[in-house]
Structures are given as C-alpha cells and as structure tokens.
Amino acid sequence: MNTINKYTFYVAFVASMGGFLFGFDTAVISGAEAAIQQVFGLSDYWHGFTIAIALIGTIIGTMICGKPVEKYGRKLTLQWVACVYLISALGCSLVVDWYSFLFFRFIGGVAVGASSVVGPMYLAEISPSRWRGRFVAFFQFNIVFGIVAAYVSNYWLAGIPEDWRWMLGVLAIPSSLFGVLLFTIPESPRWLVKQGREDAAKQVFEKIGAQSIVTELAAIKASLVTATTDEPLFQRKYYKPILFALLIATFNQLSGINAILYYAPRIFESAGLLRDSALMQSSLIGLTNLVFTMLAMLIIDRVGRRNLLLVGSIGMIVSLGLVARGFYEDSFSGYSMLFYLIGFIASFAISLGAVIWVLIAEIFPTSVRSKGQVLGSMTHWVWNTVLSWTFPIIVGGSKFGAAWMFGFFALAMLANFFFAWFVLPETKNKSLEQLQDELTTN
C-alpha cells in the first residue's frame, strides 16, 4: 500500500497530539526549574525531587492505564488523558505552596505516562504496515515539536512577573484542543475486533482506506485465537519482545536525553552563558531535535529501525565523549558546547528518539500489546526518573561530576550500538501479525 487517504493522516495527526503535550510538559520545566528552586527555597536534593515528581507520575501513569485502555478503549483513555493534562496545567499556574505544586506536577506526569502508552499503541493499530513506522514516528515528532514549543515559549515568557507560572500554565491551551479533536477520530479497529465488534472495526477500516479488509480482519481474529481473556505478558514465548522493549527503553534514557533536555539552560550556564543566551541555545537544541526527527520520519520505513540505531549510536558516542572531555578539561570555548549537544541531539533524534515508540508498539502481539506497551514505557520512565533526580546531585556534587555523567552516557551508547548490531532484528514493512509469528516462540 503506497498511498493513503487524507482521513487517515488526519486521524494520525489528532492521535499524535498527545505526543505534543507529552513533549511540552516534560521540557517546559527546564525554563522554570531555577525559579522554582528559588521560590520554594529548595536544596539540590529536594530540587531534584521536585523535577522528578512528574516522572514518578509517569511511572504510575504507565502502570494504571493498561486496564482502562483494554476495558474502555484507546480513544476514551486518550480523552481522559487530555483532561488530566488540562487540570495539571491550570493547577501548576495557580499553586500557592510547594506541596500543591508537587501534586499538580505529579498528575501531569500521570498524563504523560499514560499518553506514552496509549498514543503509540493506537497509531500502530490503525496504521497500514508500510506506513506504521512513519505514523508512530509522528508521535515522536510531536513530542519533539512540543519540546521546541516549550523552549520557545519559555524564551518569550522569561522576564515577566512570575514567569514560571505562565510557562507551566500555557499547556492548558493545546490540552483543551486535543480533548475536543479526539471526538472526531474512530476507535482502534484491532481493539474493536478484540471486543467482538467486527462490524464497527470493518467500518473503521473502510474509513481509513484499508485495501484488504477481509484479510485484515481474518489476520486479527487469528492472532487472538490462542489468547485468553487476561493473558499474562511474562511467558517464555514472549521473551524476545520483552527483552527488546526493556533494552530499547533503557538505552533511550541512558543516552542522557531527558536529563539534557530538562537541564539544558543550566548546562549551558555551567559553560559560562548568561540565562537569556542559555534559553536561546536551548531553543536551538529543540529545533535540531525537530528537524532530525522529521528526517527520521521520512526514512524509517525505508532505511529500517536497526540501521538508524547503528548510525545514530556512532554520532552519540562521539558527541557525548566530546562534552565529557570539555567538562573534564574545563575547555569549552565559543559555541563548542552548543555544537557538541546539537550533534548529540541530531544523532539521538534520528535513531533512539524515532525508533523507541515504533518498536515497542509493533513487537508485541495484539493480545498483550497494552501490557507490553506498559512495560516498555514504564522502563523508560523509571530510568528517566532516576537520571533526572540524580543528575543535578551528581553534577553539583564534585568538580568533575558533569564529566563523569556525560562519559557514562557515551559508554551506554556504545552498548546500544552492539545491541542494535548483534541482537535486534529488523521490523520494517511487516504486519503486526507477521511480527507476532516471528517474535513469539513456542
């Protein structure tokens, strides 16, 4: 299937808006974190905890969304997620004390965690196999677009009275839009088949322009024949998708990507830049992320997931190694820090950034896909929480703290290269049911 109708693109656009909110919510804190530490008088430890509270929420969000997404469907769960995003944004902009701030950031994290599970799952289940990589990568593109929007918004709002409140509160606008637009898209056809609503699934396939509806429905039903009502994920036959999900999510975070995104202004300030200049260079980092994520979207179904990981790993190893050396030797000059981090972001965006949600969404069978998505997303957020909480503590704890952290990230990307080379199979241009046959052992 080389062409696709406009309605399917529209559905993918709306569903992936959850990625925009995901990206905006996780990156917007970078412009507000210094002010929040000052306003609430936080030590480095409690400052790290305050940043990490949203990430703790993401872990909870991934854990609790599995049952609703199976019982009530992908679409209704996304609508609930949009409401929680809205409440979090408004709450953070109106808080009166640190404890209420923690609460609203926490529930925002719950929304981020849930959307990281449900969004890619929905996109994978509604996409034709030849477009699945691009459609699920569209979710990642919107994450990055949200990050860029957060950086730009922070830059323009910086300096107004209580700017941190405005930075966090502006997310209420896209959250409301997302909630409204979700009423205009259909439910996942694979979920409908699983619920015994074959006629409704057929109508969805017709609307999105599927060419072989009878074949699609037969393959989905066949994939569910051996599944129980509540089939457990942790079985020997699923060890391959479980292993791949755990490793890709782990390496995604051990690259240091979110620690860098959350603390980008502070990293630039540590290299000698003033706050305004640091915020501007953070925006350039976000723009680079956007451009190379867009490139990854265009080529992921042609080049393949595995090849992107191999090329990106090399770029990340070199870039992170240069940052580590710069901090160790205290030798940053001019725009060297910016160039190194742009190199890292470009390499990450075209590889781990684009591949993670695609791979996790496609490697698990329909019968356990929601549980597999939860496992992969939760692994991602657990590592994110650990690194984001400890990053300011380690970096601020010694003269060479930043050098050790970036050196560790570089070594992790070396391991990622060998994972992609020796362990990971290629999944491009294969149906979800075909991948189930290949990756499930008897």
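Conventions we followed
Residues numbered from 1 in each chain as written. Predicted model: local features only at pLDDT ≥ 70, side-chain atom pairs only at ≥ 80, totals over all residues. Heavy atoms only, no water. Helix = DSSP H or I, 4+ residues; strand = E, 2+ residues; numbered from the N terminus. Contact = heavy atoms within 4.5 Å. Areas by Shrake-Rupley, 256 points an atom, 1.4 Å probe, with all protein chains shown as cover. Lys, Arg positive; Asp, Glu negative; His and termini not counted. Charge placed at Lys NZ, Arg CZ, Asp CG, Glu CD. Axes fitted to C-alpha atoms, helices over the stretch in contact; angles between N-to-C directions. Parallel < 35°, antiparallel > 145°, perpendicular 65-115°, else oblique. Left-handed = near helix turned anticlockwise from the far one by under 90°. Nonpolar A, V, L, I, M, F, W, Y, C, P; charged D, E, K, R; others polar. 1 Å grid on protein atoms, 1.4 Å probe; cavity = no way out; pocket = protein on both sides within 12 Å on 5 of 7 lines; lining within 4 Å. Points joined across faces, edges and corners; volume = space filled by probe spheres on them. Phe/Tyr/Trp six-rings, centres within 6.5 Å; stacked < 30°, edge-to-face > 60°. Buried < 20%, exposed > 50% of the residue type's maximum accessible area, 1.4 Å probe, protein only. Salt bridge = Lys/Arg side-chain N within 4 Å of Asp/Glu carboxyl O. pLDDT = per-residue confidence, 0-100. Expected span 1.5 Å × (residues − 1). Core = buried A, V, L, I, M, F, W, Y, C linked by side-chain atoms within 4.5 Å. Polar contact = N/O pair within 3.5 Å; in protein donor to acceptor, adjacent residues only side chain to side chain.

Draft legend 1. The overall build of the chain, seen in detail. Counting secondary structure elements, the chain contains 23 helices and zero strands. By sequence separation, contacts in the chain at least 24 residues apart represent 83% of the contacts at least 6 residues apart. Here the chain has roughly 17,100 Å² of accessible surface; of this, 67% comes from carbon and sulfur atoms. Across the chain, 30 positive and 25 negative side-chain charges occur, with their mean positions spaced 7 Å apart.

Draft legend 2. Examining the packing of helix α18 (residues 305-329) against helix α19 (residues 336-349) more closely. Where α18 meets α19, the closest approach of the two axes is 8 Å, and the angle between their N-to-C directions is 155°. Between α18 and α19, the interaxial angle falls into the category roughly antiparallel. Crossing of α18 against α19: the hand is left-handed. Packed against α18, whose contacting residues are Gly-312, Gly-315, Met-316, Ser-319, Leu-320, Leu-322, Val-323, Arg-325 and Phe-327, the element α19 presents Met-337, Tyr-340, Leu-341, Gly-343, Phe-344, Ser-347 and Phe-348 at the interface. Among the residues making up the contact of α18 with α19, the classes are represented as ten nonpolar, five polar and one charged.

Draft legend 3. Unusual backbone geometry, seen in detail. The backbone of Glu-162 shows a phi angle near 50°, a positive value even though the residue is not glycine. Along the chain, Glu-162 falls in the loop between α8 (132-157) and α9 (163-169).

Draft legend 4. Examining empty space enclosed by the protein more closely. Across all of its chains, the model carries three cavities of 30 Å³ or more by this definition. Taken as a whole, the largest cavity holds about 140 Å³ of empty space. Lining the largest cavity we find 17 residues, and of these Gln-140, Ile-143, Asn-258, Phe-348 and His-380 sit closest to its centre. Put simply, the parts of the chain that give the lining of the largest cavity at least two residues each are α2 (17-27), α8, α14 (239-254), α15 (257-262) and α20 (352-362). Looking at the lining of the largest cavity, its residues break down into nine nonpolar, eight polar and no charged.

Draft legend 5. Up close: the environment of Ala-12. Positionally, Ala-12 belongs in helix α1 (residues 6-15). In the structure, Ala-12 is positioned 173 residues away from Ile-185 in sequence and 9.0 Å away in space, judged by C-alpha atoms. Sequence-distant contacts of Ala-12, that is, excluding residues within four places in its chain, are made with Leu-123, Phe-135 and Phe-138.

Draft legend 6. Summary view of the packing of aromatic side chains. Summed over the entire model, instances satisfying the criterion amount to 30 aromatic pairs. Taking 6.2 Å as the distance between ring centres and 70° as the angle between the ring planes, the aromatic pair formed by Phe-22 and Phe-139 counts as edge-to-face. With Phe-22 in helix α2 and Phe-139 in helix α8, this pair connects stretches of sequence that are 117 residues apart. Owing to a relative accessible area of 4%, Phe-22 belongs among the buried residues under this scheme. With 5.2 Å between their ring centres and 45° between their planes, Phe-22 and Trp-381 make a pair best called tilted. Placement of Phe-22 in helix α2 and of Trp-381 in helix α21 (residues 369-397) is noted, with a sequence separation of 359 residues between them. Ring pairing ties together the aromatic residues Phe-20, Phe-24, Phe-138, Phe-141 and Phe-145, which thus form one cluster.

Draft legend 7. Main features of helix α3 (residues 29-39). Among the eleven residues of α3, eight are classified as buried, and the element is accordingly described as predominantly covered. Residues Ile-29, Ser-30, Gly-31, Ala-32, Glu-33, Ala-35, Ile-36 and Gln-37 constitute the buried set of α3. A positive phi of about 60° marks Gly-41, the residue just after α3.

Draft legend 8. Looking closely at the packing of α14 against helix α22 (residues 401-422). Their axes nearest at 9 Å, the elements α14 and α22 cross at an angle of 150°. Relative to α22, α14 is oriented roughly antiparallel. Classified by chirality, the crossing of α22 by α14 is left-handed. Contacts between α14 and α22 involve Phe-244, Leu-247, Ile-248, Phe-251 and Leu-254 on the former and, on the latter, Phe-408, Phe-409, Ala-412, Met-413, Ala-415, Asn-416 and Phe-419. In terms of residue class, the contact of α14 with α22 is built from eleven nonpolar, one polar and no charged.

Draft legend 9. Representation of the pattern of salt bridges in the model. Taken as a whole and judged by the stated rule, the model has nine salt bridges. Here Arg-105 makes a salt bridge to Asp-25, at a shortest N to O gap of 3.6 Å. Highlighted residues: Arg-105 in helix α7 (residues 98-126) and Asp-25 in helix α2, separated in sequence by 80 residues. A salt bridge links Glu-162 to Arg-165; the nearest nitrogen and oxygen atoms lie 3.0 Å apart. Counted as one network, the salt bridges with shared partners bring together Glu-70, Arg-74, Glu-125, Lys-194 and Arg-369.

Draft legend 10. Summary view of the confidence of the model for the chain. For the chain, the average pLDDT comes to 84, and 91% of its residues sit at 70 or higher. Within the chain, helix α16 (residues 264-270) has the poorest average pLDDT of any element, 62, and helix α10 (residues 172-181) the best, 95.

Draft legend 11. Local environment of α8. Between its terminal C-alpha atoms α8 stretches 37 Å, which fits the 38 Å expected from 26 residues at 1.5 Å a residue. Of all 26 residues in α8, 21 are buried; the element is thus mostly enclosed. Looking one or two places after α8, you find Gly-159, whose phi comes out positive at around 105°.

Draft legend 12. How the structure looks around the nonpolar core. Ile-36, Phe-101, Trp-164, Ile-248, Leu-320 and Phe-406 are the most contacted members of the largest nonpolar core, which has 143 residues in total. By residue number, the principal contributor to this core is α7, which donates 15 residues. What Leu-320 contacts, discounting residues up to four positions off in sequence, is Ser-255, Ile-260, Phe-344, Phe-406, Phe-409, Ala-410 and Met-413.

Draft legend 13. A look at the side chain of Thr-427. Mapped onto the fold, Thr-427 is located in the loop between α22 and α23 (432-439). Of note is the side chain of Thr-427, whose polar atom sits 3.2 Å from the side chain of Arg-305. Of the polar contacts made by the side chain of Thr-427, one reaches the side chain of Glu-362; its length is 2.4 Å. Residues within four places of Thr-427 in sequence aside, it is in contact with Arg-132, Arg-305, Leu-359, Glu-362, Ile-363 and Leu-435.

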